[in-house]
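# Report on the structure
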Amino acid sequence: MSPSRVLVSGFASLILLGGILLTLPQATQDGLGLPFMNAIFTATSAVCVTGLVVVDTGTTFTPFGQGVILVLIQVGGLGFMTFATLFAMILGKRITLKERLLLQEALNQVSIEGVVRLAKSVLQISFAIEGVGALILALRWHSDFGWSKALYYGVFHSVSAFNNAGFDLFGNFSSLTAFVGDPIINITIMVLIVLGGLGFIVLAELLEHKKKFRLHTKIVLKVSGFLILFGAGLILIMEYSNPKTLGPLPFGTKVMAALFQSVSPRTAGFNTIDLSGMYNTTLLSMIVLMFIGASPGSTGGGIKTTTFIAIVLSVLRTYRSDPHVVIEGRTLPKDVIQKAWAITTSASCLIFIIISVLSLTENTDLLTVLFEVTSAFGTVGLSLGLTPYLSGLGKIAIIITMFIGRVGPLTLAFVLSRKKSKQSLHVKYPDERIMIG
């Protein structure tokens, strides 16, 4: 099997195992276990670090069930091959060439050089950031819940936030709405989300304190910063007087809530205000942010920030009739632009197909369906309330969307970047123009 097939099979196996564990009586508060479809949906959402749920995580599951979800989030976010490498190193096993190829695929790298070292860095950076986040949250919550529950909640929500999963334990599908005015929780969760969405290559380079960053890091930091600030500005302006969202809040809380709601669509899935009360224009803006998503090699989904900027620059080049796509004094290769268009087109087609299916199976408006499907593809987890009421076919459609959103674009980008076959195998036919536009 090729590395791509091994990874897809690995994710599917992990989902199946998680689903089976969630059907056990020990997993739910009622002692009956989840029905198989709901268990597979929840396991898929956890492994694909999405956060869409058909049952409430905080009130449905026992600590055992929540622990299963937490492990699925951690392994799904960092990649099962990363953990396999960790266990191999603990056991003193040599990392084979095949395993390095699998790591290359899992970490979205163009070569196998340094992939084992990168895997070690991924684990070290992730556990360190999650540990600090868990400690801050526990210190904040200990006065509300006591130390044991505060530590448990701190670990769960830190892992969920850093892996951009969006699962929470506060019950009644409320997410973090009870803490809309709490700066410690808001800032901590936002920082975890942003760090998890930047990508491990970028994090490693930031930690090295280099004076000069590579082009990839520069693009990720600039595009991510722009999208967060631009999204926050739009949300603040459009929802400022909305009595169902930002309207009743003090000015400082309005700004913080707008910033949080701009960060979260970058594939995190937490929310501090009621999204169903937002204006349609705001929801459309959030759909765009969810579609773009996080950055390559991160715990997030979407088409990725680098794909987005490559598409934008490619369009601008066409308008100006420039022969090359140039950014930061560097020319982007033609195959990079082609991959960006291929990923974006594939994602758009997938979303269109799933929307068409849900429009037939679910009794709701088109905007709600578009929001839910984009959230599933971008592995975001934000919801307007449709997911808990999905039909059986609707659940299957969203499961497929979450799975493809987690492994599809990543796998597609890797396959397209594989070394080209020998030129002698290709036939070059005569050129002839067609009319476009």
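Before reading on, note that the structure itself is shown above.
Residues numbered from 1 in each chain as written. Predicted model: local features only at pLDDT ≥ 70, side-chain atom pairs only at ≥ 80, totals over all residues. Heavy atoms only, no water.

### Brief notes about the overall build of the protein chain
We count it as follows: A run of DSSP states H or I qualifies as a helix once it reaches four residues; a run of E qualifies as a strand once it reaches two. Both are numbered from the N-terminal end. Exposed residues in this analysis have more than 50% of their type's maximum accessible area, buried residues have under 20%, and partly exposed residues fall in between, with area computed by a 1.4 Å probe over protein chains only. A contact between two residues is defined here by any heavy atoms of the two lying within 4.5 Å. Shrake-Rupley sampling with a 1.4 Å probe provides the accessible areas, and residues are treated as covered by the protein chains on show and by no other component.
Per the secondary structure count, the protein chain includes 17 helices and 2 strands. The buried share of the protein chain, taken over its 437 residues, is 54%. Taking contacts inside the protein chain between residues at least 6 apart in sequence as the whole, the part at least 24 apart equals 69%. By element, 66% of the accessible surface of the protein chain is carried by carbon and sulfur atoms, the whole surface being about 20,400 Å².

### Some details on the packing of aromatic side chains
What counts, and what does not: Within 6.5 Å between ring centres, the rings of Phe, Tyr and Trp (the latter by its six-membered ring) count as paired, and their orientation is classed by plane angle as stacked under 30 degrees, edge-to-face over 60, tilted in between. Definition used: whenever NZ (Lys) or CZ (Arg) falls within 6 Å of the ring centre and also within 35 degrees of the ring normal, the charge is taken to sit over that ring.
Following the criterion strictly, the structure yields 13 aromatic pairs and no others. Ring centres 5.4 Å apart and planes at 65° place the aromatic pair Trp-141 and Phe-170 in the edge-to-face group. Residue Trp-141 is located in helix 7 (residues 115–145), and its partner Phe-170 is located in the loop between helix 8 (147–162) and helix 9 (183–198); the two are separated by 29 residues in the primary sequence. Phe-170 gets classed as partly exposed once you look at its relative accessible area, which sits at 21%. Ring-pair connections join several aromatic residues into one group, and the members of that group are Trp-141, Phe-145, Tyr-152, Tyr-153, Phe-170 and Phe-179. The residue whose ring lies beneath Lys-254 is Tyr-240, and the NZ or CZ to ring-centre distance is 3.7 Å.

### Focus: the environment of Ile-235
Residue placement: Ile-235 occurs in helix 11 (residues 215–239). The exposure class assigned to Ile-235 is buried, which follows from its relative accessible area of 1%. A sequence separation of 48 residues divides Ile-235 from Leu-283, and the C-alpha atoms of the two residues are 9.1 Å apart. Residues contacting Ile-235, with those up to four places away along its chain left out, are Tyr-240, Leu-246, Ala-258, Gln-261, Ser-262, Met-278, Thr-282 and Met-286.

### Side note on the pattern of salt bridges
What counts, and what does not: Salt bridges are defined as contacts in which a side-chain nitrogen from Lys or Arg sits within 4 Å of a carboxyl oxygen from Asp or Glu.
Overall, the coordinates contain 6 salt bridges when judged by the stated rule. The closest approach of N and O atoms between Arg-140 and Asp-182, which form a salt bridge, is 2.5 Å. Here Asp-182 lies in the loop between helix 8 and helix 9 and Arg-140 lies in helix 7, a separation of 42 residues in the sequence. Note on Asp-182: relative accessible area 11%, which makes it buried. Between Arg-320 and Asp-322 there is a salt bridge; the shortest N-O distance is 2.9 Å. When salt bridges that share partners are traced, they join Arg-140, Asp-144 and Asp-182 into one network.

### What to know about the packing of helix 10 (residues 200–207) against helix 11
Put simply, the rule is: For helices, the fitted axis covers only the stretch in contact; all axes are lines through C-alpha atoms, and the angles between them, taken along N-to-C directions, range from 0 to 180 degrees. Each angle receives one of four descriptions, namely roughly parallel if under 35 degrees, roughly antiparallel if over 145, roughly perpendicular if within 65 to 115, and oblique otherwise. Residue polarity follows a fixed list, in which Ala, Val, Leu, Ile, Met, Phe, Trp, Tyr, Cys and Pro are nonpolar, Asp, Glu, Lys and Arg are charged, and the others, Gly among them, are polar.
For the pair helix 10 and helix 11, interaxial distance at closest approach is 10 Å and the crossing angle is 100°. Compared by their axis directions, helix 10 and helix 11 come out roughly perpendicular. Residue-level contacts link Ile-201, Val-202, Glu-205 and Leu-206 of helix 10 to His-216, Thr-217, Val-220 and Leu-221 of helix 11. For the contact of helix 10 with helix 11, the per-class residue count stands at 5 nonpolar, 2 polar and 1 charged.

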